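Listed below, chain by chain, are the residues.
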Amino acid sequence: MHLVTFQKGRGQRIGAAWHGAILDLRGIETELALQQGERRVRFPSTMLELIQGGPECWATVRRVFDYGRSLVDAQDLQVLTRRGVAYPEKKGRLLAPIPRPARNIFCMGRNYAEHAAERGAQVPDRPVFFTKPPTTVIAPGADIVHHLATAEMDYEAELAVVIGRGGRDIPRAQALSHVFGYMNLNDVTARDLQRAHQQWFKGKSLDTFCPIGPALVTADEIPDPQRLSIQLRVNGKVRQSANTSQMIFDVATLIEVLSLGMTLEPGDILATGTPSGVGAATGEFLKPGDLVEVEVEGLGCLVNQVVAPMGVES
Ligand code: MN
């Protein structure tokens with residue numbers, strides 16, 4: 001499933017993308033329950049609730065999704081929209097799949113050898129972890145703000161992993177069974193701040209510096225996370241192009257090492273590092289007006305535009 005969070009009126013709803021439509025999972029669940037005369041189950045209203053709901057909840061969501069997509073395939077979308085069960089996919093409707101993660105996003109530095117080399121860094125013998133706060137997250141299609149605080153704003157295409165089943169001391173062999181799904185993520189970075197403050201947190205944590213989505217793709221659709229092409233384009237020009245097979249520490253190892261003595265929770269996000277081709281290596285930083293696209297194979301395309309801060313002419 002390509003699970004999404006979308007705007008409905010003033011609120012947010014969880015949905016799933018299917019054949020150009022967004023299924024409103026709660027709307028479909030209501031219709032299904034009425035039709036089958038079922039006692040209503042508690043249905044999640046946010047993506048975090050869905051993930052935290054565990055296997056029973058995921059099975060319910062799957063059943064609702066299967067019914068919903070059969071509706072979209074068989075009926076007119078306008079009719080379904082009037083019934084409140086499906087909407088046409090259109091610009092501006094999607095929010096970030098997890099609009100406000102419960103805690104910091106875990107990130108990996110220097111996890112591709114060529115990227116470490118282009119930054120003049122050694123290939124690490126242990127994963128390099130740092131975090132970005134939940135306040136950095138923005139939706140697909142939302143603007144990345146070129147804050148006045150930085151003159152060296154850079155992009156980083158990454159495969160993001162979302163934890164489904166939490167745990168501590170998770171062995172590598174079981175690690176992928178803890179994964180709920182995968183998303184595109186752009187680890188936007190202020191290189192000058194990253195350098196100036198030594199610790200990376202400040203340069204990684206400006207508002208709007210973590211676009212994610214467009215969907216949270218469930219793990220069943222990505223049988224091998226180490227065989228995915230990963231690409232980033234600025235204004236249509238390819239800047240990063242690699243494969244997740246080139247990671248130094250694979251997803252299973254990252255989960256094993258990060259969970260040593262530290263509990264991972266359902267809904268936690270792990271950004272797995274970026275390949276070579278960042279602006280810092282070429283001197284071509286992001287500027288207002290740039291259109292940035294991140295595309296990991298099977299996860300759709302994450303598109304965001306860079307804009308000047310409010311009140312500043314670009
Ligand atoms: Mn990164």
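Up top is the structure these notes are about.
Bear in mind the structure is a predicted one, so any value in this text is a computation, not a measurement. Counting starts from 1 at the beginning of each chain's written sequence and moves along it residue by residue. Only residues with pLDDT of at least 70 get local features here, since the model is predicted, and only at 80 or more are side-chain atom pairs given and counted; chain-wide, interface and lining totals rely on the full set of residues. Note that water and hydrogens are dropped before the side-chain values are worked out from all heavy atoms of the structure.

*Asks:* For this particular structure, what's the right way to read the pairing of strand β18 (residues 291-296)?
*Replies:* Along a regular strand, successive side chains alternate from one face of the sheet to the other. Strands are treated as partners if at least two bridges between them are detected by DSSP. A run of H or I in DSSP becomes a helix once it reaches four residues, and a run of E becomes a strand once it reaches two; helices and strands are each numbered from the N terminus. The sheet contact formed by strand β15 (residues 229-234) and β18 spans five bridges and is antiparallel. Residue Leu-232 lies in a different strand from β18, and its bridge partner there is Val-294. Sheet analysis places β18 next to strand β19 (residues 301-307), joined by five bridges and oriented antiparallel. Paired with Val-292 across the two strands is Asn-304, which belongs to β19. Here β18 folds back onto β19 in antiparallel fashion, the turn holding four residues, of which Gly-298 has a positive phi close to 90°.

*Asks:* Is there a simple way to think about unusual backbone geometry in this case?
*Replies:* Negative phi characterises most residues that are not glycine, and trans characterises most peptide bonds. Of note, the bond from Gly-213 into Pro-214 is cis; its omega dihedral lies within 30 degrees of zero at 10°. Following the sequence through the fold, Pro-214 ends up in strand β14 (residues 210-218).

*Asks:* Hey, could you run me through the nonpolar core in this one?
*Replies:* For soluble globular proteins, nonpolar side chains are generally found buried alongside one another. The set of buried Ala, Val, Leu, Ile, Met, Phe, Trp, Tyr and Cys residues whose side-chain atoms join them within 4.5 Å is what this entry labels a nonpolar core. Burial classification: accessible surface area is computed with a 1.4 Å probe over protein chains only, and a residue below 20% of its type maximum counts as buried, one above 50% as exposed, and the rest as partly exposed. In terms of nonpolar packing, the biggest core is built from 49 residues, with Leu-159, Ile-255 and Leu-270 touching the most fellow members. Here this core gets five residues from one element, more than from any other, and that element is helix α9 (residues 251-258). Aside from chain neighbours lying at most four places away, what touches Ile-255 is Val-161, Ile-163, Ile-170, Ala-175, Val-179, Leu-264 and Leu-270. If you look at the next biggest cluster of nonpolar residues, it comprises 42 residues, including Leu-48, Ala-160, Trp-200 and Ile-269. Whether two residues are in contact is decided by their heavy atoms, any of which lying within 4.5 Å being enough.

*Asks:* What's the story with the layout of surface pockets in this structure? I'm lost.
*Replies:* One water molecule sets the probe size; rolling that probe over the atoms shows where empty space is left. Throughout, the protein atoms alone are placed on a 1 Å grid, and a set of points is a cavity if a 1.4 Å probe fits but cannot get out or a pocket if it is open with protein on both sides within 12 Å along at least five of seven lines; lining residues have an atom within 4 Å of a point. Grid points are joined across faces, edges and corners, and a volume is the space filled by probe spheres set on the points. Its boundaries defined by the atoms lining it, the largest pocket holds a volume of some 420 Å³. In this structure, the largest pocket is lined by 22 residues; those nearest its centre are Leu-94, Pro-140, Gly-141, Pro-214 and Cys-301. Contributing elements (two or more residues each) for the lining of the largest pocket: β1 (2-8), β14 and β19. Of all the elements, β19 adds the most residues to the lining of the largest pocket, at four residues. Residues that form the lining of the largest pocket fall into these classes: 11 nonpolar, six polar and five charged. Each domain span listed reflects an automatic or database assignment of domains. When residues of the lining of the largest pocket are assigned to domains, at least three fall in each of domain 1 (2-95) and domain 2 (105-307). For the second largest pocket, the calculated volume is near 170 Å³. At the level of elements, β6 (105-109) and α7 (191-196) are the ones that each hand at least two residues to the lining of the second largest pocket. When residue character is reported, Ala, Val, Leu, Ile, Met, Phe, Trp, Tyr, Cys and Pro are called nonpolar, Asp, Glu, Lys and Arg charged, and the others, Gly included, polar. Its residues assigned to classes, the lining of the second largest pocket comprises three nonpolar, six polar and five charged.

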